[in-house]
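Given next are the chains, with one letter for each unit.
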Amino acid sequence: MAREDGLDTAVASMREGDEAAFRRVYGAVQPPLLRYLTVLVGPADAEDVASEAWAQAFRDLDRFDGDADGFRGWITTIARNRALDHLRHARRRPTSAEPVEGMVELRDAADVEGDTLGRVQSEAALALIASLPRDQAEAVMLRTVLGFDAPTAGRILGKRPGAVRGAAHRGLRQLAKKLAEEP
């Protein structure tokens, strides 16, 4: 995927300080990374965790050496670590049950219905994946949504590739079972 769309070149240019290349890499990597983090920490905190991950990645960019797939794995590892830190911290602080949507003015969009349907379907799919045990949910997200191969997903999770394949397989079977049970 990365070689076909020139992302390897953009990553190399980004490492040399090219801001346009950084925007290109960010635009390609952020959406799937955000979906992954939504499963880990929930939709309310995914953006914040992603921002922390990007800040750390930008700060430590001189330590990275690799191609686009390597960068995707590296930023996902950073994001996962920030997500786990966030979850540990969240267990120690009180939360409000009031939804954020009630406090934010909705933007005016040309295709409100289409945007809403797409968002509801995406949120429902992420919520379904998030209902799996965490190891299965992460494996499914890394393998199917982010498109990582088993060795890369294994490095991100700190597991052997076979364990990641097994967790993804079990997770996908659970998802199929849950979908079959829906009316």
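If you're wondering where the values come from, they're calculated on a predicted model, not measured in any experiment.

Caption draft 1: Region of interest: empty space enclosed by the protein. For the coordinates displayed, the defined rule picks out one cavity of 30 Å³ or more. What lines the largest cavity is Val29, Pro32, Leu33, Arg72, Thr76, Leu146 and Phe148. Where the lining of the largest cavity is concerned, the elements lending two or more residues are helix 2 (19-41) and helix 4 (68-90). Broken down by element, the lining of the largest cavity gets its largest block of residues, three residues, from helix 2.

Caption draft 2: Main features of the pattern of salt bridges. Tallied over the entire structure, the rule returns nine salt bridges. Among the ionic pairs, Asp85 bridges to Arg88, the shortest N-O distance being 2.4 Å. Residue Asp85 and its partner Arg88 are located together in helix 4, separated by three residues, close to a single helical turn. Residues Arg170 and Asp135 are paired through a salt bridge, measuring 3.8 Å at the closest nitrogen-oxygen approach. A residue pair is termed long-range when its members are at least 10 positions apart, and Arg170 in helix 8 (residues 161-181) and Asp135 in helix 6 (residues 134-145) qualify at 35 residues.

Caption draft 3: Looking closely at the nonpolar core. Val25, Tyr36, Leu37, Phe71, Ile75 and Ile129 are the most contacted members of the largest nonpolar core, which has 46 residues in total. Those elements that provide at least two residues to this core are helix 1 (7-15), helix 2, helix 3 (43-59), helix 4, helix 5 (112-130), helix 6, helix 7 (150-157) and helix 8. The biggest single contributor to this core is helix 2, with 10 residues.

Caption draft 4: Broad picture of the environment of Leu146. Positionally, Leu146 belongs in the loop between helix 6 and helix 7. On the accessibility criterion, Leu146 (7% relative accessible area) is buried. Sequence separation between Leu146 and Leu33 is 113 residues, and the spatial gap between their C-alpha atoms is 7.2 Å. Residue contacts for Leu146: discarding those within four places in its chain leaves Pro32, Leu33, Tyr36, Arg72, Thr76 and Met141.

Thresholds, definitions, all that
- Residues numbered from 1 in each chain as written.
- Predicted model: local features only at pLDDT ≥ 70, side-chain atom pairs only at ≥ 80, totals over all residues.
- Heavy atoms only, no water.
- 1 Å grid on protein atoms, 1.4 Å probe; cavity = no way out; pocket = protein on both sides within 12 Å on 5 of 7 lines; lining within 4 Å.
- Points joined across faces, edges and corners; volume = space filled by probe spheres on them.
- Helix = DSSP H or I, 4+ residues; strand = E, 2+ residues; numbered from the N terminus.
- Salt bridge = Lys/Arg side-chain N within 4 Å of Asp/Glu carboxyl O.
- Core = buried A, V, L, I, M, F, W, Y, C linked by side-chain atoms within 4.5 Å.
- Buried < 20%, exposed > 50% of the residue type's maximum accessible area, 1.4 Å probe, protein only.
- Contact = heavy atoms within 4.5 Å.

Interpretation note: all reported values are geometric properties and have no functional meaning in isolation.
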